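# Structural overview for review
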Amino acid sequence: MRKKGFSTLAIHAGQNEEPSTGSLTTPIYQTSTYVFDSLEDGAAKFAGEKPGYIYSRLGNPTVTLFEQKMAALENGESAVAFSSGMGAISALIMGLIRNGEHILSSRGLYGCTYGLLTLLKERFGVEYSLIDMREEQKIAEAIQPNTRLFYIETPINPTMEMVDLKKVCQLAKDKGIKVIVDNTFMSPYLQRPLEWGADFVVHSATKYLGGHGDLIAGVAVGPQNIMDQIRKTTLKDIGAILGPNEAFLLNRGLKTLSVRMDRHCDNAKKVAAFLQVHSRVKKVYYPGLPNFEQYELACRQLDDFGGVISFEVEGGTAGVAQVLNRLSMIRIAVSLGDVDSLIQHPATMTHAVIPPEVRASMGISDGLIRLSVGIEDVDDIIEDLNNALD
Ligand code: 3LM
């Protein structure tokens, strides 16, 4: 049978009418626990011999629907939801790595992911190195006998630098190394890392998946046997579970993911073209610009170029303040992927926890601004930017 299209899956995957009422949408199962028919029924569910819900830290039907949709959209076997993107990233990494082992990471990372790797190193003896993954040779040289994991953001927050997933995943496979890709910036509508050979995908579901700036959530997708293990260990025993209210909003948000992403992409292309020719803008980083350094890779790996643009202005932090403080519609706020346009300063905000010299090695200057282009009328976004830049 022909596989259903992305937008169809986003609406229908995992969704069954609620049996007792026929409710089309899966309700918010606002419950902590589930009643057993008998001692034998409860014991069999605890032993994993019988399917069924036990306690909402171990599973909840509203959350299950979100997990099933995400597995379908990322084209993976199984998904596990978490209370935040960091909850997903930490549970997955801690479920896969042991003390004394090594993680090879893309040179750029979201600030708190960098913080997590540093914590794992300082407190739990897990080694990591950040490397420029644009050159295969550099990756091959950086692999150590104890390297177990590649951890990759692509495009990287906030520089938009990309990693060639097909090449890197092949290299990892040859060495028996597992690959995790943070797909937050693209969403499965624009990039599906598992199809390029990655083993796991993680998301801050706070961003495009929810899409409306009204929740914090995360999700990890991967092979059934390993995700089952994660569910029983670093999800259950650390406990960063997703609540049913957030899951409900995500189930609703996913239904419009494709139409929202199309608008984000259309708007971002026009905003990037505007920024590129503005005299106060030194450089624009957007994978959809033909002069983007990795434009050819972007065309191959992405179905479209997404809604995040970074750009540099003169004058460092003070120069950035002059622009940001003059905006009237676009909000100064961290996070991204919302229907609202959001703008922020990585050096003092999302990536402030990273030491300045490491930040510089990631390509984050004090004059760098990150804009998450929303789905407002694009002329209004451009007008606001134009007034602020002038
Ligand atoms: C941000 N990013 O504004 P949560 N992976 C990526 C991310 O960008 C993020 C996470 C994981 C931002 C959040 S900064 C205080 C605000 C690529 C989050 C973590 O745990 O759901 O926030 O996801 O860049």
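None of these values were measured; they are calculated from a predicted model.

## Quick notes on the packing of aromatic side chains
- Under the defined criterion, the tally for this structure stands at five aromatic pairs.
- Aromatic pair F36 and F46: ring centres 6.3 Å apart, planes at 70 degrees, arrangement edge-to-face. Of the two residues, F36 is situated in the loop between α1 (6–12) and α2 (39–46) and F46 in helix α2; the sequence distance between them amounts to 10 residues.
- Accessibility expressed as a relative area gives 60% for F46, which makes it exposed.
- Sitting over the face of the ring of Y128, K121 holds its NZ or CZ atom 5.6 Å from the ring centroid.

## A few points about the state of the cysteines
- A complete count under the given rule lists zero disulfides for this structure.
- Cysteine C169 remains unbridged, with the sulfur of C299 as its closest cysteine sulfur at 20 Å.

## Some details on helix α3 (residues 61–73)
- In this model α3 runs 18 Å from its N-terminal to its C-terminal C-alpha over 13 residues, within 8% of the 18 Å that 1.5 Å per residue would give.
- Among the 13 residues in α3, 11 count as buried, and that is most of the element.
- Taken together, the buried positions of α3 are occupied by P61, T62, V63, T64, L65, F66, E67, K69, M70, A71 and L73.
- Two to three positions downstream of the cap, the backbone nitrogen of T62 sits 2.9 Å from a side-chain oxygen, assigning the N-cap of α3 to N60.

## Notes on the site of the ligand
- Around the ligand there are 18 residues in total, and D182, T206, K207, S335 and R370 lie nearest to it.
- Contact between the ligand and D182: a nitrogen atom at 2.7 Å from a side-chain N or O atom of the residue.
- At 3.0 Å from a nitrogen atom of the ligand is found a side-chain nitrogen or oxygen belonging to K207.
- Protein burial of the ligand: of its 560 Å² of free accessible surface, 86% is covered by the chains.

## Concerning the domain arrangement of the protein
- Assigned domains of the protein: these are domain 1 (6–254) and domain 2 (258–389).
- For domain 1 and domain 2, the distance between their C-alpha centres works out to 26 Å.
- Counting the surface lost from both domain 1 and domain 2, the interface buries some 3300 Å², and carbon and sulfur atoms represent 59% of this.
- Among the residues domain 1 hides against domain 2, the three largest losses belong to M162, L190 and Y208. Together they make up 22% of the total.

## Brief notes about the pattern of salt bridges
- For the structure shown, the criterion picks out 17 salt bridges.
- A salt bridge links D164 to K167; the shortest N-O distance between them is 3.9 Å.
- When its relative accessible area of 42% is taken as the criterion, K167 is described as partly exposed.
- Close ionic contact of D164 with R300 constitutes a salt bridge, the shortest N to O distance being 3.3 Å. Here D164 is found in the loop between β4 (147–153) and α7 (165–174), whereas its partner R300 is found in helix α12 (residues 295–301), with 136 residues between them in sequence.

## Considering the sheet that holds strand β7 (residues 218–222)
- With mixed pairing, seven strands are arranged side by side in an open sheet as β1-β7-β6-β5-β4-β2-β3. Bordering the open sheet on either side are β1 (78–82) and β3 (127–131), each of which pairs with just one other strand. Averaged over all adjacent pairs, the angle separating strand axes in this sheet is 20 degrees, with direction ignored.
- In this structure, strand β5 (residues 178–182) lies alongside strand β6 (residues 200–204), joined through three bridges in parallel fashion. Counted as the bridge partner of V181 is V201 from β6.
- Packed onto the sheet, α3 meets β1, β6 and β7 and runs at close to 130 degrees relative to β1.

## As for unusual backbone geometry
- Cis geometry marks the peptide bond from T154 to P155; its omega dihedral reads -10 degrees.
- Checked against the element boundaries, P155 lands in the loop between β4 and α7.
- Here the amide bond leading from N157 into P158 is cis, since omega sits at 0 degrees, within 30 degrees of zero.
- Note that P158 resides in the loop between β4 and α7.
- We note that M160 has phi near 70 degrees; this positive angle belongs to a residue other than glycine.
- Tracing the backbone through its elements, the reader meets M160 in the loop between β4 and α7.
- On the accessibility criterion, M160 (0% relative accessible area) is buried.
- Of note, S187 is a non-glycine position whose phi angle comes to about 70 degrees, a positive value.
- With respect to the secondary-structure elements, S187 resides in helix α8 (residues 187–190).
- Take S187: its relative accessible area is 1%, and that puts it in the buried class.

The rules behind the values
- Residues numbered from 1 in each chain as written.
- Predicted model: local features only at pLDDT ≥ 70, side-chain atom pairs only at ≥ 80, totals over all residues.
- Heavy atoms only, no water.
- Phe/Tyr/Trp six-rings, centres within 6.5 Å; stacked < 30°, edge-to-face > 60°.
- Helix = DSSP H or I, 4+ residues; strand = E, 2+ residues; numbered from the N terminus.
- Buried < 20%, exposed > 50% of the residue type's maximum accessible area, 1.4 Å probe, protein only.
- Lys NZ or Arg CZ within 6 Å of the ring centre and 35° of its normal.
- Disulfide = S-S within 2.5 Å.
- Expected span 1.5 Å × (residues − 1).
- Polar contact = N/O pair within 3.5 Å; in protein donor to acceptor, adjacent residues only side chain to side chain.
- Near = heavy atom within 4 Å.
- Areas by Shrake-Rupley, 256 points an atom, 1.4 Å probe, with all protein chains shown as cover.
- Domains from an automatic or database assignment.
- Buried area = accessible area lost by both parts, 1.4 Å probe.
- Salt bridge = Lys/Arg side-chain N within 4 Å of Asp/Glu carboxyl O.
- Pairing = 2+ DSSP bridges.
- Axes fitted to C-alpha atoms, helices over the stretch in contact; angles between N-to-C directions.
- Contact = heavy atoms within 4.5 Å.

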